[in-house]
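# Examining the three-dimensional arrangement
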Amino acid sequence: MSGTNAYYVYCVVEKSAAAEVLQQKSPVAIEESSALELIDHDDLSSVVSQVSLQDYGEETLAARLTDASWTAIRAMRHEHVVEHFSRRTSTVPLRFGTIYLDRRGIETMLREQEAQLTAILARLKDREEWGVNVYCDRAVLLENITNVSPRLRELTAEAKKASAGQSYLLQKKIETLKTDEAKVEMARAAEQIEKRLADESEGASKLRILKVETTEHGELKAKFAFLVVKSNFKSFHQVAEELARELAQAGIRIELTGPWPAYNFATV
Amino acid sequence: MSSPFEQVMIGSDVEFAQDAELSLLETLDHVLSRGLVITGEITISVADIDLIFVGLNVLVSSVETAHEVLRERGRREIGDIESGQ
């Protein structure tokens, strides 16, 4: 047992690749004062660095985490380390804040989770995670909804042919339906994006939206993560572009982010 | 921007400068709430994470702080980006 230090764990990689990747201009650890190290078991290596229990002990850590700025900086360093590895080799990213009191604890973890970790590493090989954010400009969608929605298109055509009185009633109906149809259309678009990009990838995951983000592109309406084979990225990208073109009229924009470490696919 | 499609490449400083707030929140969401959960001897609980997010939402609304935090991830030597592509 080391008395005052503990080990912070970032990610797990294959031992055969770990040392070489670590040598390449290794990034800053979660605390600048310590360096990244590897702790191995069989074919696995965990990427770790030492932290002081004064900051990372059970009670003190809870207090530190209430300081948003402290936490955000540490989260970024965690990300930086994981990215360093995931760009070069198959990497299982761990969630922020996994700490062991000594080396043995980590070795035991690697031994106990060996089958699971090995399976995930194999699954992630030559793949990367891409994020897709879907934004909707409500004003544009509402403006074009009569063209975009099949139901409203039908009603509009009917109204044109109908008598003056009927046409008036149909017009009123169309107006009240617009908001509903905009919602339906948005859901349909999100579904289409998910399905078509899922066809180009090996895994798809719908993510929660943290907070309502309103940007110059409208409001964030849906968020996905896809696990993409690196050699198929071009094709994935192309489909995303096609979707973006098709949905532009509906005020829908697609933002692609990545490549991320496979945070959303780090399970068996 | 006229193109209907945008791509924010992680590690690209230009995009960070434009979308600092969004990228930061995006990154924090990945790091804090996803990834493999392994029970360590000390592990941050989900309840803690939810609390952290409340504070972070306030934090990222300050662009200056957002940039400062993003710099931590951007501490990467030139030539170290997209080496695999």
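Since this is a predicted model, take the numbers as computed values, not measurements.

Facing 58 residues of chain A, the contacting portion of chain B comprises 43 residues. Elements supplying a minimum of two residues to the side of chain A that touches chain B: strand E1 (5-14), helix H3 (58-65), helix H4 (68-86), strand E4 (91-100), helix H5 (103-112), helix H10 (233-247) and strand E9 (252-260) of chain A. Partitioning the side of chain A that touches chain B into residue classes produces 31 nonpolar, 14 polar and 13 charged. Of the strand pairs in this sheet, E4 of chain A and strand E2 (residues 42-43) of chain B are connected by two bridges, and their pairing is antiparallel. When the bridges of E2 of chain B are listed, Ile-99 of chain A appears paired with Ile-42 of chain B.

Right, let's talk about the nonpolar core for a bit. All names here are of chain A. In this structure, Cys-11 and Val-92 are the most contacted members of the largest nonpolar core, which totals 61 residues. Each residue touching Cys-11, except ones within four places of it in the same chain, is listed here: Val-47, Val-82, Phe-85, Thr-91, Val-92, Pro-93 and Leu-94. In terms of nonpolar packing, the next biggest core, distinct from the first, is built from 30 residues, Ile-193, Ala-222, Ala-250 and Leu-256 among them.

On to the environment of Ala-115 of chain A, then. Following the sequence through the fold, Ala-115 of chain A ends up in helix H6 (residues 114-124). Sequence-wise, Ala-115 of chain A and His-217 of chain A are 102 residues apart; in three dimensions their C-alpha atoms are separated by 44 Å.

We now examine the confidence of the model for chain B. The predicted structure's coordinates, where accompanied by low pLDDT, should not be read in detail. All names here are of chain B. On average, residues of chain B score 67 in pLDDT, and 59% of them are at 70 or above. Averaged pLDDT values over the elements of chain B bottom out at 56 in strand E1 (residues 5-9) and peak at 88 in E2. Within the model, the stretch residues 10-18 combines pLDDT values under 50 with 13 contacts to residues more than four positions away or in other chains. In this model, residues 76-85 is a region of pLDDT below 50 whose contacts with residues beyond four sequence positions or in other chains number ten contacts. Listed scores for the predicted complex are pTM 0.85 and ipTM 0.82.

What follows deals with the pairing of strand E2 (residues 36-41) of chain A. All names here are of chain A. When E2 meets strand E3 (residues 44-52), the two strands line up antiparallel, connected through six bridges. Residue pairing across strands places Asp-40 opposite Ser-45, the latter belonging to E3. In this structure, the hairpin formed by E2 and E3 is closed by a connection of two residues, where Asp-42 is found at a positive phi of approximately 50°.

A separate point is the environment of Ser-167 of chain A. Residues and elements named next belong to chain A. Here Ser-167 is to be found in helix H9 (residues 164-198). Counting along the chain gives 146 residues from Ser-167 to Val-21, while the straight-line C-alpha distance between them is 70 Å. Beyond its immediate sequence surroundings of up to four residues, Ser-167 is in contact with Ala-159 and Ala-162.

What counts as what
Residues numbered from 1 in each chain as written. Chains lettered and ligands numbered in written order. Predicted model: local features only at pLDDT ≥ 70, side-chain atom pairs only at ≥ 80, totals over all residues. Contact = placed C-beta atoms within 7 Å. Helix = DSSP H or I, 4+ residues; strand = E, 2+ residues; numbered from the N terminus. Nonpolar A, V, L, I, M, F, W, Y, C, P; charged D, E, K, R; others polar. Pairing = 2+ DSSP bridges. Core = buried A, V, L, I, M, F, W, Y, C linked by C-beta atoms within 7 Å. Buried ≥ 20, exposed ≤ 12 C-beta atoms within 10 Å, placed from the backbone. pLDDT = per-residue confidence, 0-100.

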